[in-house]
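Take a look at the letters that make up each chain.
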Amino acid sequence: MVMRGYKKKTKDELLKAIDDCVSISQIFALVQHEQIELRMQTMCSASNLPPKSPNIPQNPEDSPLERLKNAVKLAVIHNR
């Protein structure tokens, strides 16, 4: 689906926009408009597949918002 009147951001603009988000809903809107592909992560005990090493460094002190920002930034860096 192509949105009319919306110009996609460059990688640098997108990374700054992710940092500027103050809510999870803002990040999800940005992901939707920019068509960023995110992959779900599962707990290794929830599947019979062998666990992969985590590709997103997790700091237990980070808020859910910060963890989501890090995941989206990583997707932007690797896919654009």
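Keep in mind it's a predicted model, so treat the numbers as computed, not measured.

Undergrad: Any details on the overall build of the chain? Residues and values, ideally.
TA: The number of helices and strands found in the chain is 3 helices and 0 strands. In sequence order, the chain lays out its α and β elements as α-α-α. In the chain, which comprises 80 residues, the proportion classed as buried is 22%. Counting contacts in the chain only where the partners sit at least 6 residues apart, residues at least 24 apart contribute 70% of the total. Within the structure as shown, the chain displays about 6600 Å² of accessible surface, and the carbon and sulfur contribution to it stands at 57%.

Undergrad: I'd love a proper account of the side chain of Lys-69, names of residues and values included.
TA: With respect to the helices and strands, the residue Lys-69 is situated in helix α3 (residues 64–79). Of the polar contacts made by the side chain of Lys-69, one reaches the backbone oxygen of Asp-19; its length is 3.1 Å. With near-sequence residues (within four places) excluded, Lys-69 lies in contact with Ile-18, Asp-19, Cys-21 and Ile-27.

Undergrad: So what's going on with the pattern of salt bridges? Residues and values would help.
TA: For the structure on display, the rule yields 3 salt bridges. A salt bridge links Lys-73 to Asp-19, with the shortest nitrogen-to-oxygen separation between them at 2.6 Å. Separated by 54 residues along the polypeptide, Lys-73 in helix α3 and Asp-19 in helix α1 (residues 11–20) bring together distant segments of the chain. Between Glu-66 and Lys-69 there is a salt bridge, with its nearest N and O atoms 3.8 Å apart. With Glu-66 and Lys-69 both in helix α3 and 3 residues apart, this pair spans about one turn of that helix. Overall, the relative accessible area of 34% leaves Glu-66 in the partly exposed class.

Undergrad: Which residues make up the packing of α1 against α3, and what values do they have?
TA: Two numbers describe how α1 lies on α3: the axes approach to 10 Å, and their chain directions differ by 175°. Between α1 and α3, the crossing angle belongs to the class labelled roughly antiparallel. Between α1 and α3, the contacting residues are Lys-11, Leu-14, Leu-15, Ile-18 and Asp-19 on the first element and Lys-69, Val-72, Lys-73, Val-76 and Ile-77 on the second. Along the lines of polarity and charge, the residues of the contact of α1 with α3 split into 6 nonpolar, no polar and 4 charged.

Reading the values: the criteria
- Residues numbered from 1 in each chain as written.
- Predicted model: local features only at pLDDT ≥ 70, side-chain atom pairs only at ≥ 80, totals over all residues.
- Heavy atoms only, no water.
- Helix = DSSP H or I, 4+ residues; strand = E, 2+ residues; numbered from the N terminus.
- Buried < 20%, exposed > 50% of the residue type's maximum accessible area, 1.4 Å probe, protein only.
- Contact = heavy atoms within 4.5 Å.
- Areas by Shrake-Rupley, 256 points an atom, 1.4 Å probe, with all protein chains shown as cover.
- Polar contact = N/O pair within 3.5 Å; in protein donor to acceptor, adjacent residues only side chain to side chain.
- Salt bridge = Lys/Arg side-chain N within 4 Å of Asp/Glu carboxyl O.
- Axes fitted to C-alpha atoms, helices over the stretch in contact; angles between N-to-C directions.
- Parallel < 35°, antiparallel > 145°, perpendicular 65-115°, else oblique.
- Nonpolar A, V, L, I, M, F, W, Y, C, P; charged D, E, K, R; others polar.

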